Number of protein chains: 4
Amino acid sequence: MTASTANLPPPTFAEGLPGGRPSRQRLSPPLRMAQILDAALAVFHEKGFAASRIDDIALRAGLSKGGVYAHFDSKEEIFEALIDRSLTMPAGLDEAALAPGQMVTVDLLVERVIDPVYRLLARPETAMTLRLVVADGRQVQALVERWQRAVLDPFASAVERLVRRAVRQGSLGKGALTASPWLLMAPIAQVVLWQLMHGQGEGAPVTLEQQRRSHIALLREALAP
Amino acid sequence: MTASTANLPPPTFAEGLPGGRPSRQRLSPPLRMAQILDAALAVFHEKGFAASRIDDIALRAGLSKGGVYAHFDSKEEIFEALIDRSLTMPAGLDEAALAPGQMVTVDLLVERVIDPVYRLLARPETAMTLRLVVADGRQVQALVERWQRAVLDPFASAVERLVRRAVRQGSLGKGALTASPWLLMAPIAQVVLWQLMHGQGEGAPVTLEQQRRSHIALLREALAP
Amino acid sequence: MTASTANLPPPTFAEGLPGGRPSRQRLSPPLRMAQILDAALAVFHEKGFAASRIDDIALRAGLSKGGVYAHFDSKEEIFEALIDRSLTMPAGLDEAALAPGQMVTVDLLVERVIDPVYRLLARPETAMTLRLVVADGRQVQALVERWQRAVLDPFASAVERLVRRAVRQGSLGKGALTASPWLLMAPIAQVVLWQLMHGQGEGAPVTLEQQRRSHIALLREALAP
Amino acid sequence: MTASTANLPPPTFAEGLPGGRPSRQRLSPPLRMAQILDAALAVFHEKGFAASRIDDIALRAGLSKGGVYAHFDSKEEIFEALIDRSLTMPAGLDEAALAPGQMVTVDLLVERVIDPVYRLLARPETAMTLRLVVADGRQVQALVERWQRAVLDPFASAVERLVRRAVRQGSLGKGALTASPWLLMAPIAQVVLWQLMHGQGEGAPVTLEQQRRSHIALLREALAP
DNA sequence: CATGAATGAGCTTTCATTCAT
DNA sequence: CATGAATGAAAGCTCATTCAT
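Procedures and definitions
- Residues take numbers from 1 onward in each chain, read along the sequence in its written order.
- Chains and ligands are labelled by the order in which they are written, letters from A for the one and numbers from 1 for the other.
- Only residues with pLDDT of 70 or above have their local features reported here, since the model is predicted, and side-chain atom pairs are shown and tallied only from 80 upward, although totals for entire chains, interfaces and linings are computed over all residues.
- With hydrogens and water set aside, each side-chain value is computed from the structure's full complement of heavy atoms.
- Numbering goes from the N terminus for both helices and strands, where a helix is a DSSP run of H or I of at least four residues and a strand is a run of E of at least two.
- Contacts between residues were defined by any pair of non-hydrogen atoms, one from each residue, lying within 4.5 Å.
- In this description, accessible areas are obtained by the Shrake-Rupley approach with a 1.4 Å probe, and a residue is regarded as covered only by the protein chains that are shown.
- Superposing the copies works by least squares over the C-alpha atoms of residues that have pLDDT at least 70 in both of them.
- When a carboxyl oxygen of Asp or Glu lies within 4 Å of a side-chain nitrogen of Lys or Arg, that pair is called a salt bridge.
- Accessible area that two parts lose when put together, with a 1.4 Å probe and added across both, is what the buried area reports.
- We define a polar contact as two N or O atoms separated by no more than 3.5 Å, with the added condition that, inside protein, one atom must be a possible hydrogen donor and the other a possible acceptor, whereas residues neighbouring each other in sequence contribute only through side-chain atom pairs.
- Gly is placed with the polar residues, together with every amino acid not listed as nonpolar (Ala, Val, Leu, Ile, Met, Phe, Trp, Tyr, Cys and Pro) or charged (Asp, Glu, Lys and Arg).
- Distances are taken per atom, and a residue is near a molecule or strand as soon as one of its heavy atoms is within 4 Å of it.
- Burial classification: accessible surface area is computed with a 1.4 Å probe over protein chains only, and a residue below 20% of its type maximum counts as buried, one above 50% as exposed, and the rest as partly exposed.
- Charged residues are defined here as Lys and Arg on the positive side and Asp and Glu on the negative side; His and the ends of the chain fall outside this count.
- We call a set of buried Ala, Val, Leu, Ile, Met, Phe, Trp, Tyr and Cys residues a nonpolar core when their side-chain atoms join them within 4.5 Å.
- For a helix, the expected span equals 1.5 Å multiplied by the residue count minus one.
- Side-chain rings of Phe, Tyr and Trp, where Trp is taken by its six-membered ring, are said to pair if the distance between their centres is within 6.5 Å; with planes under 30 degrees apart they count as stacked, over 60 as edge-to-face, and otherwise as tilted.
- Helix axes are fitted only over the stretch in contact, all axes being lines through C-alpha atoms; the angle between N-to-C directions runs from 0 to 180 degrees.
- Here the word oblique covers every angle except those under 35 degrees (roughly parallel), over 145 (roughly antiparallel) and from 65 to 115 (roughly perpendicular).
- Note on convention: the crossing is left-handed when the near helix lies turned anticlockwise from the far helix by less than a right angle, right-handed when the turn is clockwise.

As annotated in an unreviewed UniProt entry, chain A carries the name TetR family transcriptional regulator and is attributed to Pseudacidovorax intermedius.

Encoded structure:
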C-alpha cells in the first residue's frame, strides 16, 4: 500500500490559524508526496484540474506553494502521479480473476469479480480518481490510455476468459450475457455514471448495495445453465 | 427546435479558404447565438470549461471576442445557455415514453425507448453535452440538477411506468429486470462511459451497433414472459 | 526610419498620478510597439535583461502589463525585436563605405568611416543597444551572431577594402595600420568599452570629441604615405 | 595569491564518476570559499548575475545550497567577493608599471606593459571577470568603481607617467600616441570587446597572438623617436 | 559545517471582461 | 453589433533565503 496521510499527528492549534508559526514541518519526501497527492485528489475532484490552484493543494497538504514544487515539477506532474498511483491500486482484481482450475460458477464470479468492484466503488478515492480521468483525461490523453491498458483491458479480458471457461464447463448457460461478456459489468457502468454526476451516495435513488443486489440477481437469472 | 446553424447561407468564397477572414456579417441575434453556442459546445467539449478561452469560441464562431460579449454576458452564461438548449433537445424521448394505451411488448420497448436513445448517442452533439455535464457539472451544480429533473428523471420514470404496466399486462415476465427497471438501461451507461473516456467511436472495441444488438438480445432473453 | 515616440502628446496630469483614470489610450499597434521597445531598451539597459520586469517596461511605455503582452508574446521576444530594430539602424555606414571610384585619402576615411561611427556612438540608443548585446547576448546568442553578420562583419570588410584600395592607389602609406586594417578602429573599441562600463559621458576622463580628435591625429600620422 | 582550487586533493574515485556524489567533505573555510568563488565566477559568466542560481553555484562547487550560505550571506556578497578577489589578482601589472629609474624604450614598454596585459587576457579567469564587471556592474556600481580606482586608474596613470618620462628622455618620439598615452592600449580594448561578445577564442578572425604582434608593430612605428 | 525541505515574495504569463472606435 | 487594444486579477512557477535535522 502507498504511504498515506491517515495517521499523521493532527496540526496544532496555532498552525491552523493564519499567522500561526508555520512550524516548517520537515517530512520525508515519500510522506509529503503522499500528502500532496491526497490533497490534490480532493481538490481536483472538487474543482476539476484546470480550476484547481496549486495554492489550494498546498494549503490542504499543509505546506506552502513552493513546498509543493519541491516535490513535483508542475501541476500536470501531480495529475500524472495521481493517475499513476491509482494504476496499481485495484491490485486485487486481476490476480483474483486469474482463478485456479476449479469450477467457475455464478457464485465464484460474484465473489471474485463483482463484489471486489463494488467494494472498490465504495471507496471515495476510487470515485474521485474516476471522475478525474473522465473529466480531465482529455488534457493528458496518454495517461488515460496507459491506465486503460494497464487496468481496464486486463480486467476485461480476465472476465471474458473466466466466462468462456465456465461455458465450456457447462456451469453457465449460453445466452446474451455469455455471448457478450462485457455486458456482465453494465450495471457497474450505471453506478459509475451516477457517481460521476453526483458524487458518492448523495441522495442516490438507489443505494450502492441495492444496485449490487439487483445486479447479482440479474446475473443469476441470465447466467443460469 | 432551437435556432441552429444547419441552414445558414454558405460561407462566401473567401471564408472557405484557409486564412479567409470570417464573416463580420451582422447576423440576426438568434442565428449568432446559435453559432456561438455551437462553437462553445465544441470548444468546451474539447478542452473543458475552465481551459476554454472565449477567444477560441469566438474564432470558431467566426467573430471576435467582443462580438461574443455582445450576445452573452459571461463565459458561464454561455455554459448555462448550452445546458438550457440541451434541455429541450432530446425531443424523441419524452414523446416516445408517453406511450399509448396499447400492449407493451419487448418490441415496443425497443422501438420507443432503446432505439431512440441509441440514435441520440450516435449524434456528436449528445456526446459532447454529456461530457460537459459530467466533467464540468460540479461548477454549475444547480444547472446539472435542473437537467436531471427536466430530462433524466422524467425519462426514467416513464420507462418504469411502461415496464410496470407491461408486467401487469403479462406481456413481460417477472424477473430481476422488471423488479429493478432501471437496469434495463445499464448497457447504455456502458456506451456513455466509453464515449466519455474516448470520444465517439474512436477505436472502440465494440461498435455502437453491436452494443445495441447485444443489449436488445439481453432484453429479449431477460424479459421474456 | 522606425516609428518612434518622439512626437506623441505628453500624458495628461491625471494620467501621471496613481489612481488617475488610465485613459485606455488605444494606439495603433506599430506606434505602441515602438513605445514598448523604447521603454524596453531603457529598462533593459538600466537593469539588464534578467532583472527587468515587464511591469517596468509597461509602466514606462504607458500601459499595463497585459497591454504589453498584446503586442509581444514574451519578454524574450521584446529583446529580439529590440536587436532586430537596431539591426537596420546604422544603415548609413556600409553604403557610405562602398565609396565610388575616387581617390581614398585619410580625409575620406575620416569623413566616411570614422566620423559616422563617432556620431553613432554619441546617440544614447546606440550605447544602450551595445550594452544589451554585450551584457545579455549570451542568452540569445543566435541574435547576437545575426547582428554580427548583418552589421559588424560587412562594415569591417568594407573598411578593409577601402584601405587596400588606398594602398594600391598610393594615397596611404604601407605600415602596421594598413597591414592590419582592423586596428584602424581600435580607439573606437576603447570608447565603446568605456561606455559599457560607465554609461555615456558620465565623468569620462576624456570626451568623446577629444577621443575622436586623438584618433584622427593618430590616423593621419600612421597612415601618411 | 588568493587561496585557489588548483592544488586540492584529487577527488575520490566515486566523485570522479558521473553521478558520483560530490565531497560532503568539510574543507577549511578558505578552501571552500575559493571553490565557491571559482564556481560562481563560471556560473555568473555563463548566465549573468541575475540569471544565475545559487543552486548552480553550489552544484559546481560540489556542495549544497545551504553549504554556500554557510560561507556567504547572500548572492550579492558572492559577487562582491568575486570582484574583491580580482582586485589583487592582476599582480603582474602594477609592479611592472612601477618601473625603475632606467631608460624607457618601446621594448621596455612592451615587456612591462603590453605583454603582461596580453598574458592576462589569455587567462579565462580574466575574461570572465571582465564580462562580469561590464555586464552586471550596473547593479553593483560601487564595486565597479572601486575596481576601476584600484586597478584600472593606477595602471593607466602608471602608463602615462612611463610615457611622459620616455618622451622627456627622448627615447620615444613626440606624436599622437605620446600626446594621448591612453591610445596606446586601444588595440587591447578591441580584444576585450571581442571576448565580451564571443567568449575566449571561439572562432575569432584574429588570434590573440596576431593581435599582439600587430599591436606591437603599430607601437614601434608610431613611437619611434 | 552541511543538507535539503520549506517559505514567501516576486515574476512571467494568461485571460475574462471592458470599452473607445 | 463588431472589433481588438487595454485592463487587472489571478495563477503557475522560480528562487534567494531560512532553518530543523
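K.L.:
When you look at the overall build of chain A in this model, what are you seeing that I'm missing?
P.N.:
Scanning chain A from N- to C-terminus turns up twelve helices and zero strands. Along its sequence from the N terminus, chain A presents helices and strands in the succession α-α-α-α-α-α-α-α-α-α-α-α. Expressed as a percentage of contacts within chain A between residues at least 6 apart in sequence, the contacts between residues at least 24 apart total 71%. About 11200 Å² of surface is accessible on chain A, with carbon and sulfur atoms providing 57% of the total.

K.L.:
How should the relation of the copies chain D and chain C be read in this particular structure?
P.N.:
Related by rotation about an axis and a shift along that axis, the two copies of the chain form a pair. Here chain D sits on chain C after a turn of 180° about the axis and a move of 0.0 Å along it, with an RMSD of 0.2 Å. The symmetry that links the two subunits is that of a two-fold axis. Relative to the rotation axis, the C-alpha of Ala135(D) is the closest in chain D, positioned 2.0 Å from it. When the interface residues of chain D are mapped onto chain C, 98% of them again lie at the interface, so the same face is used by both copies.

K.L.:
Would you take a moment to explain the pattern of salt bridges for this structure?
P.N.:
Oppositely charged side chains can form a pair if their charged atoms are brought close together. All chains considered together, the criterion is met by 56 salt bridges over all chains. Notably, a salt bridge pairs Arg212(B) with Asp115(B), separated by 2.8 Å at the nearest N-O pair. Within this pair, whereas Arg212(B) is found in helix α12 (residues 208-223), its partner Asp115(B) is found in helix α7 (residues 106-122), the two being separated by 97 residues in sequence. Close ionic contact of Asp38(D) with Arg85(D) constitutes a salt bridge, the shortest N to O distance being 3.0 Å.

K.L.:
Would you mind showing me how to read the interface of chain B and chain A here?
P.N.:
With 42 residues of chain B at the contact, the number on the chain A side is 41 residues. Buried surface at the junction of chain B and chain A, both sides included, amounts to about 3500 Å², of which 61% is carbon and sulfur. Its largest share of buried area at the contact with chain A, chain B owes to Arg138(B), Trp182(B) and Met197(B), together 20% of the area lost on that side. In this assembly, chain B and chain A are joined by zero salt bridges. The tally of links from chain B across to chain A stands at twelve residue pairs in polar contact (both at pLDDT 80 or more). At the level of secondary structure, the elements contributing two or more residues to the side of chain B that touches chain A comprise α2 (29-47), α8 (124-136), α9 (141-169), α10 (176-179), α11 (186-198) and α12 of chain B. Each residue belonging to the side of chain B that touches chain A can be placed in one class, and the counts come to 24 nonpolar, 13 polar and five charged.

K.L.:
I would appreciate a short explanation of the interface of chain D and chain C in the present structure.
P.N.:
It is common to report an interface's size as the accessible area lost on association of the parts. Of the residues lining the interface, 42 residues belong to chain D; the matching set on chain C comes to 41 residues. Both faces combined, the contact of chain D with chain C buries some 3500 Å², and carbon together with sulfur accounts for 62% of it. Viewed at the interface, chain C and chain D are joined by zero salt bridges. Counting across the interface, chain D meets chain C through eleven residue pairs in polar contact (both at pLDDT 80 or more).

K.L.:
Is there a simple way to explain the protein's contact with DNA strand E in this structure?
P.N.:
Near DNA strand E lie 42 residues; those nearest to it are Arg26(A), Ser64(A), His71(A), Tyr69(C) and Pro29(D). Of all DNA strand E atoms lying within 4 Å of any protein atom, the proportion belonging to sugar or phosphate reaches 64%. Measuring from a phosphate oxygen of DNA strand E, one finds a backbone N or O atom of Gln25(A) at 3.3 Å. One of the side-chain nitrogen or oxygen atoms of Lys65(A) is found 3.5 Å away from a base oxygen of DNA strand E. For the surface near DNA strand E, the secondary structure elements donating two or more residues are α2 (29-47) and α4 (65-69) of chain A, α4 (65-69) of chain B, α4 (65-69) of chain C together with α2 (29-47) and α4 (65-69) of chain D. Residue composition of the surface near DNA strand E, grouped by class: ten nonpolar, 14 polar and 18 charged.

K.L.:
Would you mind showing me how to read the protein's contact with DNA strand F here?
P.N.:
In the region of DNA strand F, 41 residues are neighbours, and Arg24(A), Tyr69(A), Arg26(C), Ser64(C) and His71(C) sit closest. When the atoms of DNA strand F within 4 Å of the protein are sorted by group, sugar and phosphate make up 65%. Taking His71(C), its side chain carries an N or O atom lying 2.5 Å from a phosphate oxygen of DNA strand F. Within the backbone of Lys75(D), an N or O atom sits 2.9 Å from a phosphate oxygen of DNA strand F. The set of elements that each furnish at least two residues to the surface near DNA strand F consists of α4 of chain A, α2 and α4 of chain B, α2 (29-47) and α4 of chain C together with α4 of chain D. Tallied by class, the residues present in the surface near DNA strand F amount to nine nonpolar, 14 polar and 18 charged.

K.L.:
Would you mind going over the environment of Gln139(C) with me for this structure?
P.N.:
Tracing the chain through its elements places Gln139(C) in the loop between α8 (124-136) and α9 (141-169). Distance from Gln139(C) to Glu76(C), taken between C-alpha atoms, is 9.4 Å for residues 63 residues apart in sequence. Gln139(C) has contacts with Glu46(D), Lys47(D) and Ala51(D), leaving out every residue within four places of it along the chain.

K.L.:
Whenever I open this one, the side chain of Asp136(B) confuses me. Can you help?
P.N.:
Residue and element names in this part refer to chain B. Residue placement: Asp136 occurs in helix α8. Put simply, Asp136 is tucked away with no salt bridge, and the nearest opposite charge, on Arg131, sits 6.4 Å away. Here Phe49 takes part through its backbone nitrogen, which lies 2.9 Å from a polar atom of the side chain of Asp136. The contact partners of Asp136, leaving out residues within four places of it in the chain, are Gly48, Phe49, Phe79 and Arg131.

K.L.:
I'm lost on the nonpolar core in this one. Help?
P.N.:
As a rule of thumb, soluble globular proteins bury nonpolar side chains together. Phe44(A), Leu184(A), Phe44(B) and Leu109(B) are the most contacted members of the largest nonpolar core, which totals 123 residues. Setting aside residues up to four positions removed in sequence, Phe44(B) forms contacts with Phe49(B), Ser52(B), Ile57(B), Lys75(B), Ile78(B), Phe79(B), Leu82(B) and Leu132(B). Membership of the second largest hydrophobic core comes to 122 residues, among which are Val134(C), Leu218(C), Ile78(D) and Val144(D).

K.L.:
I keep staring at α9(C) and nothing clicks. Help me out?
P.N.:
Structurally, the α-helix is built with 3.6 residues per turn, so residues lying three or four positions apart point the same way. Between its first and last C-alpha, α9(C) extends 40 Å over 29 residues, near the 42 Å set by a 1.5 Å rise per residue. Along α9(C), the residues classified as buried are Leu143(C), Val144(C), Trp147(C), Gln148(C), Val151(C), Phe155(C), Ala158(C), Val159(C), Leu162(C), Val163(C) and Ala166(C).

K.L.:
Would you explain the relation of the copies chain B and chain A in this entry?
P.N.:
Expressed as a screw operation, the relation of chain B to chain A combines 0.1 Å of axial shift with a rotation of 180°, fitting to an RMSD of 0.2 Å. In this assembly the copies share their binding face: 98% of the residues contributing to the interface of chain B also contribute to that of chain A.

K.L.:
I tried to follow the environment of Glu209(A) on my own but got confused; where do I start?
P.N.:
All names here are of chain A. With respect to the helices and strands, the residue Glu209 is situated in helix α12 (residues 208-223). The class for Glu209 is partly exposed, based on a relative accessible area of 32%. In this structure, the C-alpha to C-alpha distance between Glu209 and Ala122, residues 87 residues apart in sequence, is 9.5 Å. Separated by 2.5 Å, the side chains of Glu209 and Arg212 make a polar contact.

K.L.:
Quick question: what am I supposed to make of the packing of aromatic side chains here?
P.N.:
Centre distance and the angle of the planes are the two values used to describe a pair of aromatic rings. All names here are of chain C. Taken as a whole and assessed by the stated rule, the structure comprises twelve aromatic pairs over all chains. Centroid distance Phe49 to Phe79: 5.3 Å. Interplanar angle 80°. Geometry classified as edge-to-face. Here Phe79 lies in helix α5 (residues 75-87) and Phe49 lies in the loop between α2 and α3 (54-61), a separation of 30 residues in the sequence. Classification of Phe49 as buried rests on a relative accessible area of 12%. Phe79 sits in the buried class, given a relative accessible area of 1%.

K.L.:
Help me understand the packing of α7(B) against α12(B), please; the structure alone is not making it clear to me.
P.N.:
How two helices sit against one another is set out by the angle between their axes and by the gap between those axes. Residue and element names in this part refer to chain B. Running from N to C, α7 and α12 point in directions that differ by 155°, and their axes come no closer than 11 Å. One way to sum up the angle between α7 and α12 is to call them roughly antiparallel. Here α7 runs over α12; the crossing is right-handed. Two secondary-structure elements touch here, α7 through Val106, Asp107, Leu109, Val110, Ile114, Asp115, Tyr118, Leu121 and Ala122 and α12 through Leu208, Gln211, Arg212, His215, Ile216, Leu219, Arg220 and Leu223. Its residues placed into classes, the contact of α7 with α12 shows eleven nonpolar, two polar and four charged.

K.L.:
Help me out: how do you make sense of α8(C) in this one?
P.N.:
Residues and elements named next belong to chain C. A rise of 1.5 Å per residue sets the reference length of α8, with its 13 residues, at 18 Å; its end C-alpha atoms lie 18 Å apart and thus fit the reference within 8%. In terms of residue burial, α8 counts as a mostly covered element, since ten of its 13 residues are buried. Residues Thr126, Ala127, Thr129, Leu130, Arg131, Leu132, Val133, Val134, Ala135 and Asp136 constitute the buried set of α8.

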